[in-house]
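If you want the building blocks of each chain, they are given just below.
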Amino acid sequence: MNVSSITIKVENVSKKFSRSLKHVMLYGIQDIGRNMFGLSSRSDRLRMDEFWALNDVSFEVKKGETVGIIGANGSGKSTLLKLLNGIFMPDKGRIEIKGRVGALIEVGAGFHPMLTGRENIYVNGAILGMSKKEIDKKFDDIVKFADIGDFIDSPVKHYSSGMYVRLGFSVAVHSDPDILLIDEVLAVGDASFQNKCFKKLSEFKKEGKTIILVTHDLDAIARHCDRAVLFEGGSISRTGDPNSVVNHYYKIILGGNDLSSYAVSPEGSSINSSAAAGKPELDKFLEEIPLTDQCIYRRSYNKNEDRFGDRRAEIVDYLIVCKDIVDPTIIQSGDKIDLYLKISFHNSIGNLRYGFLIKTIDGVKIYGWNTQFDGVSVGPAHGSNMQIIKFSIKMNLTGGDFFIDIGFDELINNNPTTIDKRNDFIHLVVQAKKTFTGLVELECSYEEIKVKQLA
Amino acid sequence: MNSDKTITYQPDNQIKMGFLSAWKEIINSLYGSRELIWRLFVRDFLAKYKQSLLGFAWAVLNPLITVGIFVYLNKAGLFNIGKTHVPYPVFALVGLSVWTLFATGLSACSNSIVNAGAMVVKINFPKSSLVISSMAQAVVDFLVRIFLAVIVFAIFGVLPSWTAVFLPFAVIPLVMLTLGIGFFLSLITGIFRDMVNVVNLMTTFFLFLVPVLYPAPESGLFAAINNINPLSHLIAGCRDIVFLGRFASPAGFWGSTVFSILVFLMSLRFFYLVEAKIAERI
């Protein structure tokens, strides 16, 4: 085996996506039209509303190497895997891959709920490029590895979610890939199954197979990988020894939003000049119907938010407007902000309560409010509707970092059920105009009323 | 294994390829995915009939009821069908069976990629298999309907021409035309969901525009429209094979056959040009 042979070669690869569905449709037709007449789709240029999800990424993987890919959500890891798997085509650059690629990206995607496990193994195997002969030969191993026993002849809709994933994983690992792309699938299944998966991975490593592992489990990266690659904002920010890359990444996460990078100007107004588009951007916000969570693209979004709720409806986007500045990260004490929330409803909900809470960096509650406090009745909201609401808040705060929780509940007989709660969701820096102590600007003014001789 | 083969992904991969190498790849890909097409076909076939009481009967119930409605409309004098050489129900059933092959095939093909959306964005596999296996489903339904037609022929005491045995071959051009349009629409539907409704609307509309439930008119504007409509020729051709024993308009049938093959080939090329772009748009 030639150890130094390059299996995966990624050269200056970029991939763009569009933020709005309307443009996805328009650009899709444009691209198809151009291709139909044999013209290049000129994919190297950005059109309105498009952004680079991956930007100028280059790296090489040698045969037999295990490479871990880490980075925050939205940093481009999964996009990269889809490119390596050939699901997406690069818009710039080129990718060369030597050997059969097997992907563990959401296993069991081709399962049909009505068919039995046995039938699904054959369908899924064929989708992954296995011949009937190959599947016949490995059938028993697949069933044994998945550990689903007698359920093999029951429709998979009766499977538990663990069994479902195990069967999907088992088919995928038995498709005999030379290169294995793994995206976070090891997080599913119980501890014993995970253990089995890691054993299988070690086996693959011993056989000299190339593995690309995308995961948030940094310990797994440090333990199993020969090399780690850190993605930040669509580009590779660091690559090398897994321990040092993981340590660097820890530093970034623990640092939260990198405050040192805020450019503070004396007036505090020019800071947001790049975002000072004002009204058009707000109009766009009010029009767009996002498919995925757009909050993560806002500059004041805190990626270390804590999110929970049953998600029958979701906060899909938000926008802060302050004195015609859209999406500021820094505001001045006393500024009035308009906080727009875009909520997309998957189910109809009868009676709603929207609320927010402003806190200091160390969690001291400064001001919290919800629609119930003012007796505002909200709802009913219908499934598959989108709602935009607005809080207007006068930010009479001291200078410093503030975090805003946002959420909404369903109220049934005044008992709330959390639908989507995003704690530490927004991070705003407030600049004090005047000096005072404490947290809240109470706008004290002072005057001398009288001067009188005492004696 | 084929571990020496290097795959390259780059923008406009397909466009940069020469004419011959592009077709070579298309043929290789189609040949290589025959196993997958079969599996997808079996999957959809089983899934369709597994939790269904009447199962196969549905393939024949729809055309039977439609024919029943038209027999009634004809008897009631609401819908003047004109003269047919054979009893009307037999005439209509043959036309409608062939038509339904086109209509269900087209709608199945154009929805095939969207319906498999979850799979398309997660697994890399030849997406043409989805379209072809959907069409195969419609072909099987058609074959089932032919058996039904034999029974109806017996009831009405109609003896078809001996050439009727060639019917399965006579529908091949129609299948190619359907697949051709289906390949094209499957990608467009991936981008605009509107196409689902458009296809339904068009098939309903064409059911009346094309002489399916009535004999082709012999003169006038309507006849002229029919004359340039390949669908009319292909369906009439199938009916001629069953009843007449020869093509009433051989030029029309063979011309439409050539047209269908061209549509099929162009659409196939188009499909492979655009296929790589669809996953990110779905």
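Please refer to the structure placed before this passage.
Residues numbered from 1 in each chain as written. Chains lettered and ligands numbered in written order. Predicted model: local features only at pLDDT ≥ 70, side-chain atom pairs only at ≥ 80, totals over all residues.

**Structural notes on the overall build of chain B**
Summing up its helical and strand segments, chain B has 13 helices and one strand in all. Reading chain B from its N terminus to its C terminus gives the helix and strand order β-α-α-α-α-α-α-α-α-α-α-α-α-α. (Helix = DSSP H or I, 4+ residues; strand = E, 2+ residues; numbered from the N terminus.)

**Things to note about the sheet that holds strand 8 (residues 227-232) of chain A**
Residues and elements named next belong to chain A. Pairing within the open sheet is mixed, and its six strands lie in the order 5-6-7-3-8-9. In this open sheet, the two strands that pair with only one neighbour each are strand 5 (101-105) and strand 9 (235-240). Ignoring strand direction, the axes of neighbouring strands in this sheet form an average angle of 15°. Sheet analysis places strand 5 next to strand 6 (residues 179-183), joined by five bridges and oriented parallel. If you follow Gly 102 over to strand 6, its bridge partner there is Leu 180. Along the sheet, helix 2 (residues 77-84) makes contact with strand 3 (66-71), strand 5, strand 6, strand 7 (210-214) and strand 8, crossing strand 7 at roughly 150°. (Pairing = 2+ DSSP bridges. Axes fitted to C-alpha atoms, helices over the stretch in contact; angles between N-to-C directions. Contact = placed C-beta atoms within 7 Å.)

**A closer look at helix 12 (residues 230-243) of chain B**
In an α-helix, one turn spans 3.6 residues, which is why side chains three or four residues apart end up on the same side. All names here are of chain B. Compared with the 20 Å implied by 1.5 Å per residue over 14 residues, the 20 Å span of helix 12 between its first and last C-alpha is a close match. Most of helix 12 sits inside the fold, with 14 of its 14 residues counted as buried. Looking one or two residues beyond helix 12, the residue adopting positive phi is Gly 245, at roughly 85°. (Expected span 1.5 Å × (residues − 1). Buried ≥ 20, exposed ≤ 12 C-beta atoms within 10 Å, placed from the backbone.)

**Considering the interface of chain B and chain A**
The accessible area lost on association of the parts is a frequent measure of interface size. The interface is formed by 39 residues belonging to chain B together with 45 residues belonging to chain A. Only strand 1 (6-9), helix 1 (13-16), helix 3 (34-50), helix 6 (117-120), helix 9 (172-191) and helix 13 (250-278) of chain B provide two or more residues apiece to the side of chain B that touches chain A. It is helix 3 of chain B that contributes the most residues to the side of chain B that touches chain A, eight residues altogether. Broken down by class, the residue content of the side of chain B that touches chain A amounts to 22 nonpolar, eight polar and nine charged. Pairing geometry for strand 4 (residues 92-98) of chain A and strand 1 of chain B, over four bridges, is antiparallel. (Nonpolar A, V, L, I, M, F, W, Y, C, P; charged D, E, K, R; others polar.)

**Examining the sheet that holds strand 1 of chain B**
Strand order in the open sheet formed by four strands is 2(A)-1(A)-4(A)-1(B), with antiparallel pairing between adjacent strands. This sheet does not close on itself; its edge strands, each paired only once, are strand 2 (50-62) of chain A together with strand 1 of chain B. The sheet shows a mean angle of 20° between the axes of neighbouring strands, taken without regard to direction.

**Description of the pairing of strand 4 of chain A**
All names here are of chain A. Here strand 4 lies mainly inside the structure; five of its seven residues are buried. Summarising the sheet, strand 1 (residues 6-18) and strand 4 pair through five bridges and their orientation is antiparallel. Paired with Ile 8 across the two strands is Ile 97, which belongs to strand 4.

**Quick word on the pairing of strand 9 of chain A**
Two strands pair when backbone bridges link them, and strand 8 of chain A and strand 9 of chain A are joined in this way by five bridges, in the antiparallel orientation. Within the sheet, the bridge partner assigned to Leu230(A) lies in strand 9 of chain A and is Arg238(A).

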